[in-house]
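Summary of the model geometry
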Amino acid sequence: MNTSMDSGDAALREAYALATAFLASLPQRPVSQVATPQEMASALDEVLPEHGSDPAGVVGEWFARAERGITASPGPRFFGFVNGGVTPAALAGDWLASAIDQNAGMWAASPAAAQTELVVLRWLKELFGLPAEWAGALTSGATMANLVGLVTARQWAGRQLGFDAAGDGLAGQPPIVVVASSEIHLSAVKCLGTLGFGRNQVRQVAARRGAVDIDALASLLRGIDGPVILVGNAAEVNSGHFDDLGALADLRDAHAGGAWLHVDAAFGLFAAVSPRLAHLVRGVERADSVAADGHKWLNVPYDSGFAFVRDGALLREAFAASGAYVAGSGGWDPFTHVPEMSRRFRGLAAWCALKAYGRSGYRAMVERCVDNAAAFARWVEATPGVELMNPAPLNIVCFRLVRAALDDTASDELTRAAVRAIQADGRAFVTGTVWQGRAAIRAAFDNWRTTAADVRLLQEAVAQAGIALAA
Ligand SMILES: Cc1ncc(COP(=O)(O)O)c(C=O)c1O
C-alpha cells in the first residue's frame with residue numbers, strides 16, 4: 001500500500017458491476033446455498049498474502065471464490081429467520097457512508113454523522129408513535145439495542161437499591177430480579193448473561209399461544225419485594241405473537257418495589273406504522289426502553305438497529321465515559337449512549353431510506369408483507385398435509401407437516417425433513433424451529449421485494465416437499 005495508489009476507481013467499478021449483477025439476479029437466483037464448511041474453507045482459506053494485488057481483481061476474485069456460499073437473503077423468497085432486504089435508497093446511503101468513512105462515535109469526529117443520527121432517531125420516534133423526548137441511539141441490531149435498554153435498566157435498578165451499577169459494579173450488592181415471558185428472545189437472554197444478571201436467573205412466566213400470561217405474571221410480581229426488570233415481547237420470534245404491553249405497563253406501575261419495562265420489539269414495532277395493525281403494539285409508548293431492528297423491517301443493510309430510552313440522563317449515566325482527548329465538542333456524542341466508541345455511520349442508510357420512502361411507503365410495505373403472510377397462512381389452513389400451529393396477527397407463519405397415519409414424533413421428523421428439502425430445492429428459504437415441544441417451520445415476511453407470485457412459489461415448494469417426502 002502506498003500513497004501513490006490510484007483512487008480505487010477500477011475497484012469501485014468492479015464492485016458496482018458485481019453488485020448490480022447480483023441484485024438483478026435476485027428474482028431468479030436459487031435462494032439458499034447449501035455449501036458445506038469444507039467447501040467454503042477450500043474456496044477461501046489461504047495464508048496471508050505476502051504481497052498485494054490489484055484491488056479490482058481482488059474484489060472480483062473474492063466474489064467468484066465465495067459465490068457458492070452467498071445466499072439470496074435480500075431477495076423476495078427468503079422467508080427464513082427475520083430478514084429484510086436492502087432497498088435502493090438504503091444501499092446508496094450505505095455505499096456513500098463507506099466512501100466518506102465518517103466516525104459516527106462523536107460530534108467532533110463528524111458533526112454530519114451525529115446530526116444525521118439525531119434526525120433518524122427523531123423520524124423513527126415519529127414513525128412508531130414514541131414520545132419525542134425519549135433518548136436513543138442507533139445500534140448494530142436488536143441484540144445491541146436490547147443491551148442498551150437493559151444496561152440502562154440495570155442502572156435504574158441499582159439506583160433503587162442504593163448503588164451505582166456502572167460506577168461501582170454489582171459485586172456485593174443485592175441481586176436484581178429480572179422477569180420475562182418464557183418466549184423471551186435468546187438475544188435478550190444473552191444480554192442478561194453479559195450484564196451479570198445470569199442467563200439462568202431470569203424468572204420466566206409461561207406464555208399462552210406466545211403472549212405472556214398476565215395473571216401468572218401478576219402473581220409472580222406480588223411475591224417480589226424489590227425492584228424488578230420486566231422484559232416484554234413485541235413480538236416473539238417463533239410465531240409473531242405480542243405480549244399485552246398495556247397490561248405490562250400497568251403491572252410495572254403497580255409494583256410496590258418499582259419496575260422497569262423493557263420491550264424487545266425487534267420487528268413488532270413496525271406494527272405501529274399501520275393504523276390497521278397499531279393496536280398490536282399499543283402500550284409500547286409506556287415502556288421505559290424499547291429495542292428494534294433496522295436490518296429487519298426497515299429494510300436497510302446489515303448491521304442496523306435502534307434503542308429508545310425514556311430517561312436520557314439515566315442512559316448517559318449508564319454509558320458515561322470521558323477522556324481528555326475526547327472532551328468538549330459541545331455537540332451530541334453518540335458514544336455516551338452505546339457500548340462502542342468509534343462507530344459506523346449507519347444513520348446515512350436509514351436517513352436515505354426514510355427520506356426516499358416516507359411514512360406512507362413504509363406503511364404500504366408493512367401492510368403488503370402482512371397481507372402476504374395472511375395469504376400464505378390461509379393456504380396452509382386450506383391445504384391437506386400442512387397445519388397452522390399458532391395463527392398470528394403479523395408477519396410470521398408457523399406451521400408443520402402432518403399425515404393422518406403419523407404420530408407427533410413422526411410428524412416432527414417429517415417437518416424437519418421438509419425444512420431440509422425446501423432449503424435444498426432453492427425456490428424459497430424457510431427455517432425450522434420448535435413450537436411448544438413440536439418441530440415447526442417458520443416463514444417470516446418482511447422483505448419489500450416479496451410479491452404474491454413469490455408467496456405462490458413458497459406454497460409450491462412446501463407442497464412439493466410434502467409430496468416428495470410422502471412418496
Ligand atoms: C424478537 C427478536 N429480538 C432480538 C433479535 C436479535 O436481533 P439481531 O439479530 O438484529 O441482533 C431478533 C432476531 O431475530 C428477534 O427476532
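Residues numbered from 1 in each chain as written. Predicted model: local features only at pLDDT ≥ 70, side-chain atom pairs only at ≥ 80, totals over all residues.

When helices and strands are tallied, the chain shows 14 helices and 13 strands. What you see for the chain is a C-alpha radius of gyration of 24 Å, in line with the 23 Å of a compact globule of 471 residues. Buried residues in the chain amount to 46% of all 471 residues. Of all intrachain contacts in the chain linking residues separated by at least 6 positions in sequence, the fraction that spans at least 24 positions is 73%. (Helix = DSSP H or I, 4+ residues; strand = E, 2+ residues; numbered from the N terminus. Rg over C-alpha atoms; globule rule 2.2 N^0.38 Å. Buried ≥ 20, exposed ≤ 12 C-beta atoms within 10 Å, placed from the backbone. Contact = placed C-beta atoms within 7 Å.)

The strand order across the open sheet formed by seven strands is β1-β9-β8-β7-β6-β2-β3, and the pairing between neighbours is mixed. A strand with exactly one partner marks an edge of an open sheet, and here the two such strands are β1 (135–139) and β3 (203–205). If you compare each strand with its neighbour and ignore which way they point, the axes differ by 20° on average. (Pairing = 2+ DSSP bridges. Axes fitted to C-alpha atoms, helices over the stretch in contact; angles between N-to-C directions.)

With that out of the way, let us pick up the site of the ligand. Taken together, 13 residues form the shell around the ligand, and within it G141, A142, T143, H185 and A266 come nearest. Of the residues contributing to the shell around the ligand, the split by class is six nonpolar, five polar and two charged. (Near = placed C-beta within 6 Å. Nonpolar A, V, L, I, M, F, W, Y, C, P; charged D, E, K, R; others polar.)

A word on the pairing of strand β11 (residues 396–401). Judged by how many residues are buried, β11 sits mostly within the fold: six of six residues are covered. Alternating residues of β11 divide into I396, C398 and R400 and V397, F399 and L401, and every residue in both groups is buried. Examined bridge by bridge, strand β10 (residues 386–388) and β11 share three bridges and lie antiparallel to one another. For E387, the partnering residue across the bridge sits in β11 and is R400. Pairing of β11 with strand β13 (residues 438–444), which is carried by four bridges, proceeds in the antiparallel orientation. When the bridges of β13 are listed, C398 appears paired with R442.

Remark: helix α13 (residues 408–425) packs on helix α14 (residues 452–470), axes separated minimally by 9 Å, with the N-to-C direction vectors making an angle of 120°. Taken as axis vectors, α13 and α14 run oblique relative to one another. The handedness of the crossing between α13 and α14 is right-handed. Residue-level inspection shows L414, A417, A418, A421, I422 and D425 of α13 in contact with α14, the latter providing A461, V462, A465, G466, A468 and L469. Residues belonging to the contact of α13 with α14 are distributed by class as follows: ten nonpolar, one polar and one charged. (Parallel < 35°, antiparallel > 145°, perpendicular 65-115°, else oblique. Left-handed = near helix turned anticlockwise from the far one by under 90°.)

With respect to the helices and strands, the residue Q102 is situated in the loop between α4 (88–100) and α5 (111–128). By C-beta crowding, Q102 is classed as buried, having 21 other C-beta atoms within 10 Å. Between the C-alpha atoms of Q102 and D412, which are 310 residues apart in sequence, the distance is 50 Å.

Domain assignment breaks the chain into domain 1 (9–73), domain 2 (93–354) and domain 3 (360–470). A separation of 30 Å is found between the C-alpha centroids of domain 1 and domain 3. Contacts between domain 1 and domain 3 engage four residues on the former and six residues on the latter. A class-by-class count of the residues in the side of domain 1 that touches domain 3 yields three nonpolar, one polar and no charged. (Domains from an automatic or database assignment.)

Okay, the pairing of strand β8 (residues 289–293) next. Counting buried positions along β8 yields five of five residues, so the element is predominantly enclosed. The alternating pattern of β8 places S289, A291 and D293 on one face and V290 and A292 on the opposite face, and all of these are buried. For strand β7 (residues 259–264) and β8, the ladder comprises three bridges, and the chain directions are parallel. Looking at the pairing, D264 lines up with A291 of β8. As paired elements, β8 and strand β9 (residues 305–309) share five bridges and run antiparallel to each other. Bridge assignment links A292 to a residue of β9, and that residue is F306.

Among all residues save glycine, negative phi is the norm, and among peptide bonds the norm is trans. The linkage connecting A234 with the following residue, A235, adopts the cis geometry, with an omega of 10°. When you line up the elements, A235 lands in the loop between β6 (228–233) and α10 (245–254). Following Y302, the chain continues to D303 via a peptide bond in cis, the omega torsion being -5°. Relative to the elements of secondary structure, D303 occurs in the loop between β8 and β9. The phi dihedral of N299 is positive, around 55°, even though this residue is not glycine. With respect to the helices and strands, N299 occurs in the loop between β8 and β9.

The next thing to look at is the nonpolar core. For soluble globular proteins, nonpolar side chains are generally found buried alongside one another. The biggest cluster of nonpolar side chains holds 137 residues, and the ones touching the most others in it are V178, A265, L269, V281, V290 and A353. Of all the elements, helix α12 (residues 347–382) adds the most residues to this core, at 16 residues. Residue-level mapping places this core at the junction of two domains, with at least three residues from each of domain 2 (93–354) and domain 3 (360–470). (Core = buried A, V, L, I, M, F, W, Y, C linked by C-beta atoms within 7 Å.)

This next bit is on the sheet that holds β11. Read from one edge to the other, the open sheet built from four strands follows the order β10-β11-β13-β12, with strand pairing classed as antiparallel. Edge positions in the sheet fall to β10 and β12 (431–435), since each has one partner strand and no second. Strand-to-strand twist of the sheet, defined as the mean angle between neighbouring strand axes without regard to direction, takes the value 45°. Of the strands in this sheet, β10, β11 and β13 are in contact with α12, which crosses β11 at around 20°.

Right, let's get into the packing of helix α1 (residues 9–25) against helix α3 (residues 55–66). Geometry of a packed helix pair, given as the angle between the helix axes and the separation of the axes. Running from N to C, α1 and α3 point in directions that differ by 25°, and their axes come no closer than 7 Å. As judged from the angle between their axes, α1 and α3 are roughly parallel. The chirality of how α1 crosses α3 is right-handed. When α1 is examined against α3, the residues A10, A11, E14, A15 and L18 are found in contact with a partner set consisting of P55, A56, V59, G60 and F63. In terms of residue class, the contact of α1 with α3 is made up of eight nonpolar, one polar and one charged.

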